[in-house]
Amino acid sequence: MYKYRTFGDRYVVSIDNHREIAAALAAFCTEKGIRAGAVHGIGAICEATFRFLDPATKKYVDKTFSEQMEITNLTGNISEKEGKVYLHLHVTASRRDYSCIGGHLLSAVLNGACELVVEDFHGSIGRRFDPETGLYLYDL
Ligand code: FE
């Protein structure tokens, strides 16, 4: 599902082609026992589902884009919720016409490469539901 090398507190991770990136990254964090950390990376994808939270309704609006795109930036954090790895990922992706779309990343299918740097904070950070925003915020 992925290959990696360890550099101190950091891992360089290359996800295998045609994998779903969020699932592969969650599997990696589970394997390495990362319960607090950060991730950034680049890659190429052929499908992505973004999520938008409407603050007025506190409802999620999800949209899937099925086209070849470059991940110009993937940035996120790693925490835990109900004993499981919880990823909070945002992505900006460029299209064939060089315009960009982006948002909160639910899932993305790799088509090319996906090269990530994962940092392990060697601790754990949980999540707590915040009724005001409708979000599971960091429980610090
Ligand atoms: Fe988000």
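To be clear, the structure that these remarks concern was listed above.
All values reported here derive from a predicted model rather than from experimental measurement. (Residues numbered from 1 in each chain as written. Predicted model: local features only at pLDDT ≥ 70, side-chain atom pairs only at ≥ 80, totals over all residues. Heavy atoms only, no water.)

**Student:** So what's going on with the layout of surface pockets? Which residues, and what values?
**Tutor:** Taken as a whole, the largest pocket spans an internal volume of roughly 420 Å³. Taken together, 17 residues form the lining of the largest pocket, with Tyr60, Tyr86, Leu87, His88 and His104 sitting closest to its centre. At the level of secondary structure, the elements contributing two or more residues to the lining of the largest pocket comprise α1 (21-32), β3 (37-54), β6 (84-94), β7 (100-120) and β9 (135-139). A per-element tally of the lining of the largest pocket places β6 first, with five residues. (1 Å grid on protein atoms, 1.4 Å probe; cavity = no way out; pocket = protein on both sides within 12 Å on 5 of 7 lines; lining within 4 Å. Points joined across faces, edges and corners; volume = space filled by probe spheres on them. Helix = DSSP H or I, 4+ residues; strand = E, 2+ residues; numbered from the N terminus.)

**Student:** Let's hear about the pairing of β7: which residues, and what values?
**Tutor:** On a regular strand, one side chain projects to one face of the sheet and the next to the other, so that they alternate. As paired elements, strand β2 (residues 10-15) and β7 share six bridges and run antiparallel to each other. By the bridge assignment for β7, serine 14 is matched with glutamate 115. Note that β3 and β7 share 13 bridges and pair antiparallel. Paired with alanine 48 across the bridge in β7 is alanine 108. The sheet contact formed by β6 and β7 spans five bridges and is antiparallel. (Pairing = 2+ DSSP bridges.)

**Student:** Tell me about the coordination of the iron ion, and please be specific about residues and values.
**Tutor:** Coordination of the iron ion by the protein comes from His88 (NE2), His90 (NE2) and His104 (ND1), over a distance range of 2.1 to 2.2 Å. Taken in chain order, the donor set of the iron ion reads H-x1-H-x13-H. Here the residue histidine 90 occupies a position in strand β6, and histidine 104 occupies one in strand β7, the gap between them amounting to 14 residues. (Donors = N, O, S within 2.8 Å, 3.2 Å for Na, K, Ca; no water.)

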